[in-house]
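A look at the structure
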Amino acid sequence: MVKRYLVTTALEETWPEENIPVLFLGEWCRLYDRKAVWEARDAVVAPYHWDNREKLHQDYEYIQCLYEELLVELVENLNTLHDVNHSVRYWRIIVGPWLSYFIQMLFDRWFMLRQVIHDHNIVGVRVLIGSDYRFVPNNFDDFESLYVCDVWNEMIYAQLLALTSLPIEYVDAVVPQPDKDNLRLNNKVKRTLLRFTSDTLNNFVKEDESVFISSYLKIKQDLLLQFKLGQVPKIWQKIATPKIELDTNMRKWNNIKPENVDDFLEIVRSLIPMHIPLVYLEGYQKVLTLTSELHWPKRPNVIFTSNSFSSDDTFKVWAAEKVELGTPLVLGQHGGHYGIGKWDSTEDHQIAICDHFLSWGWETKGQKKITPIGNLKGFGTRGVWDKQGFALLIENSVPRFSYRMYSVPVAGQLLEYFEYQYRFVEALPQMLRDQVIVRLYPSDYGWSLKRRWRDRFPMLQLDDGRRSVASLIMKSRLCISTYNATTYLESMSQNIPTLIFWNLKHWELRDSAFPYIEKLKAVGILHETPESAAKQMTLVWNDVSSWWESQEVQSVRKEFCGRYAHIPEKPLDVMAKLFSEIKVGLNI
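Now for a description of the structure that goes with this document. (Residues numbered from 1 in each chain as written. Predicted model: local features only at pLDDT ≥ 70, side-chain atom pairs only at ≥ 80, totals over all residues. Heavy atoms only, no water.)

Things to note about the overall build of the chain
Looking only at helices and strands, one finds 22 helices and 16 strands in the chain. Relative to a compact globule of 588 residues, whose C-alpha radius of gyration would be 25 Å, the chain shows 25 Å and is just as compact. Principal-axis analysis of the C-alpha atoms places the extent of the chain at approximately 65 × 65 × 45 Å. The burial tally for the chain puts 58% of its 588 residues in the buried class. (Helix = DSSP H or I, 4+ residues; strand = E, 2+ residues; numbered from the N terminus. Rg over C-alpha atoms; globule rule 2.2 N^0.38 Å. Buried < 20%, exposed > 50% of the residue type's maximum accessible area, 1.4 Å probe, protein only.)

A few points about the sheet that holds strand β1 (residues 3–7)
Pairing is parallel in the open sheet, where five strands are placed in the order β3-β2-β1-β4-β5. The sheet is open, and its two edges are formed by β3 (43–45) and β5 (168–171), each paired on a single side. Pairs of neighbouring strands in the sheet enclose a mean axial angle of 30 degrees, with direction left out of account. In this structure, strand β4 (residues 121–128) lies alongside β5, joined through four bridges in parallel fashion. Bridge pairing in β5 places V125 opposite I168. Contacts between helix α5 (residues 150–161) and the sheet are confined to β1, β4 and β5, with β4 contributing the most and set at about 125 degrees to the helix. (Pairing = 2+ DSSP bridges. Axes fitted to C-alpha atoms, helices over the stretch in contact; angles between N-to-C directions. Contact = heavy atoms within 4.5 Å.)

Observations regarding the packing of helix α2 (residues 53–82) against helix α8 (residues 264–275)
Between α2 and α8, whose axes approach to 12 Å, the crossing angle comes to 45 degrees. Accordingly, the angle class assigned to the pair α2 and α8 is oblique. Considering how the two elements wind past one another, α2 and α8 form a crossing that is right-handed. Every residue of α8 that contacts α2 at Y62, L66, E69, L70, E73 and L74 is listed here: F264, L265, V268, R269 and I272. Of the residues belonging to the contact of α2 with α8, the class tally is eight nonpolar, no polar and three charged. (Parallel < 35°, antiparallel > 145°, perpendicular 65-115°, else oblique. Left-handed = near helix turned anticlockwise from the far one by under 90°. Nonpolar A, V, L, I, M, F, W, Y, C, P; charged D, E, K, R; others polar.)

A closer look at the sheet that holds strand β16 (residues 526–527)
Pairing within the open sheet is parallel, and its six strands lie in the order β13-β12-β11-β14-β15-β16. Of all the strands in the sheet, the pair left with one neighbour each is β13 (461–463) and β16. Where strand β14 (residues 476–481) and strand β15 (residues 498–501) come together, three bridges link them in parallel fashion. The residue bridging S481 from the neighbouring strand is I500, located in β15. Against the sheet, helix α17 (residues 486–493) touches β11 (390–394), β14 and β15, its axis set at about 155 degrees to β15.

Let's talk about the packing of aromatic side chains
The final tally for this structure, using the stated rule, is 47 aromatic pairs. Judged by centre distance (6.3 Å) and plane angle (70 degrees), the rings of Y101 and Y403 are edge-to-face. On the criterion of sequence distance, the pair formed by Y101 in helix α3 (residues 88–119) and Y403 in the loop between β11 and α13 (414–426) is long-range, its members being 302 residues apart. For Y403, a relative accessible area of 14% corresponds to the buried category. Linked through ring pairs, W28, Y48, W50, Y62, F107, W110, F111, F264 and F401 together constitute an aromatic cluster. Taking the ring centre of W541 as reference, the NZ or CZ of R477 above it sits at 3.9 Å. (Phe/Tyr/Trp six-rings, centres within 6.5 Å; stacked < 30°, edge-to-face > 60°. Lys NZ or Arg CZ within 6 Å of the ring centre and 35° of its normal.)

A short note on the nonpolar core
Counting 195 residues, the largest nonpolar core has L6, W98, W152, F424, M537, M575 and F579 as the members making the most contacts within it. Counting residues per element, this core draws most heavily on α3, at 18 residues. When residues no more than four places from it in sequence are discounted, the contact partners of M575 are L217, L225, F304, L358, I373, L376 and F379. (Core = buried A, V, L, I, M, F, W, Y, C linked by side-chain atoms within 4.5 Å.)

Focus on the pairing of β14
Of all six residues that make up β14, six are buried, and the element is covered over most of its length. Relative to β14, β11 runs parallel, the two sharing five bridges. Counted as the bridge partner of I394 is S481 from β14. Handedness of the crossover is the feature at issue here: the chain leaves β14, passes through α17, returns alongside β15, and the resulting connection is right-handed. (Right-handed = clockwise from strand over helix to strand, strands pointing away.)

Spelled out as structure tokens, the structure:
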């Protein structure tokens, strides 16, 4: 067996000399822009453990059980450290999203190291010199900017490698810091205007009124719904958490260091105090004080959100406090994939913390919390498309490193996803290729998406993802969706001609979705291969309307949308009735 140096990330400062054989831990090490560098080396890539998708699902179920155990332990520690006595649900609302992500990511990094150490003859590894506390996130937003970066992942690998017997060489190098200010200027301007409007309206707050924040409704729809509920409409905005200073003395509640890399449970226990965001530990009292000073209702009768349950830490602390006092927490479905994908940790978390979960149309047998309400993003929206427009190929992307567990391509599996896209374009006649615009995913995550497409199809029209999907759809005659998420649900609910192709090996579906998916396949909407989708596009292109508006296609579309992207005839009346019932404590 060839002796090789282990490389854990794309940070070339940790790579050995050029003449030394290398084992790349995963495809995340091989940046496309640096292809000439890594192709010139004697290197192999370790097989990825979650290429076995059955193992991925089994690991998800194991990790979910482990999460519940560790959450209870963390609750005990946080209650002790903060001298409070809050419930598991209280802390699940606040710290649950971070803990769930962290355990899932750590398991992946841990298992890969353990596997390659067992299967390969590794003679050494280089890691960067640095404090174990150098990348403690301030809040969940901060955490999201860290876990996609090589420097954070290199640190995690280094901490795990310290538990092994591998020879470690410590390197003192200057590397780029994570970019945490990635909010686009137009979004900043928009939020500033919303904040001004919000501050003006919120001068009329009553102590017991409902709070609707990041509801997924259009602003006009959100305000009208509040008006229907008999309150002065408000625009509740995300409130930034304060910047907190690290105090390592608060992070020593578990000083037991695991003896080796095989004991995952003990490894997680030891690393949680080192990585838990500052706002949950050192800054908890400050955030609690901040929430008490907000001009928000002191005794809200309902709290409703579709987005703020995860990364809005100020909201989460405020909501947890109110929930403990008896306020019902209502959560709306956070985009697509829910109810269709085989597993989804975020869906599980939302249902666990809420009193009522509003789905876009689907139900789960035996789960009484779920109430089908409809596609919130589609309320008040009119579908517009151009019968003589172009074909819009909508692309997806995920971080190079695994980050949370749901049935989508993970890490290097995205390369297979990219290949599916190229195969679709290649299968089109040249005349139709010229009619395609590829809408790149707004976040690149280091995949070099634009360059990959340019190298493969130099003349293809590309959109960099800055324009909204809706504005592009208005100029399209065919919306082509390539992943199981929000976009195709929106286009189909608005009756916009939609073509879908997925690799179902990576986009696993729950059993209840299969009858609906099979009907989409039967009428040519959904395809399992890119070649089949390209053939369908070629067949209908000159008269998309005749195909899409046929009785057969429309019948299937309506049935599918009724289940997964429903638009009620009077959606705001339906929602107002529902919230009125929740406020008075009726069982729904």
